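Per-entry structural report
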Amino acid sequence: YSSKKPAVVHVEGADIWTKTLQDPASAAKKEEKPKAPIVRRACPPEYLCALCRRIFASPKIARCCGRSACEACFTGHTGSCPLCGKDWSEETTP
């Protein structure tokens, strides 16, 4: 004797298969919510390099002023910080 329930369910007097084949929408009555359109927005300024105005590529922080810029933008400037103008030393170079 098996304690499992039978896999077949007998339904007398109901023909659900022809209803399903005739109207598939009534078989699965899922109401889909309308999707909101995608809204494109400008990139927030905190994600942009202050020197090249593009999205950060390998961002670095200048220790003299605490501001950020791309590594390539910092390496293009030698001697002083391109953001605040202070002279760089070993301690302040990003």
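Before going into details, it helps to say that this report is about the structure given with it.

About the cut-offs
- Residues numbered from 1 in each chain as written.
- Predicted model: local features only at pLDDT ≥ 70, side-chain atom pairs only at ≥ 80, totals over all residues.
- Heavy atoms only, no water.
- Disulfide = S-S within 2.5 Å.
- Buried < 20%, exposed > 50% of the residue type's maximum accessible area, 1.4 Å probe, protein only.
- Helix = DSSP H or I, 4+ residues; strand = E, 2+ residues; numbered from the N terminus.
- Core = buried A, V, L, I, M, F, W, Y, C linked by side-chain atoms within 4.5 Å.

Here's the deal with the state of the cysteines
Within the structure shown, the criterion is met by zero disulfides. The structure places no disulfide on Cys49, whose sulfur is separated from the nearest cysteine sulfur, that of Cys52, by 3.7 Å. Among the residues examined, Cys49 registers a relative accessible area of 0% and is labelled buried. In this model Cys70 remains outside any disulfide bridge; the closest cysteine sulfur is found in Cys49, 3.8 Å from its own.

Quick look at the environment of Ser68
The residue Ser68 is located in strand β2 (residues 68–70) in this model. Residues Ser68 and Pro94, spaced 26 residues apart in sequence, show a C-alpha to C-alpha distance of 9.3 Å.

Brief notes about the nonpolar core
Counting 10 residues, the largest nonpolar core consists of Cys49, Ala62, Cys64, Ala69, Cys70, Cys73, Phe74, Cys81, Leu83 and Trp88. Going through the elements one at a time, β2 and α3 (71–75) are the ones with two or more residues in this core.

Function-wise, these values are silent; they only describe arrangement.
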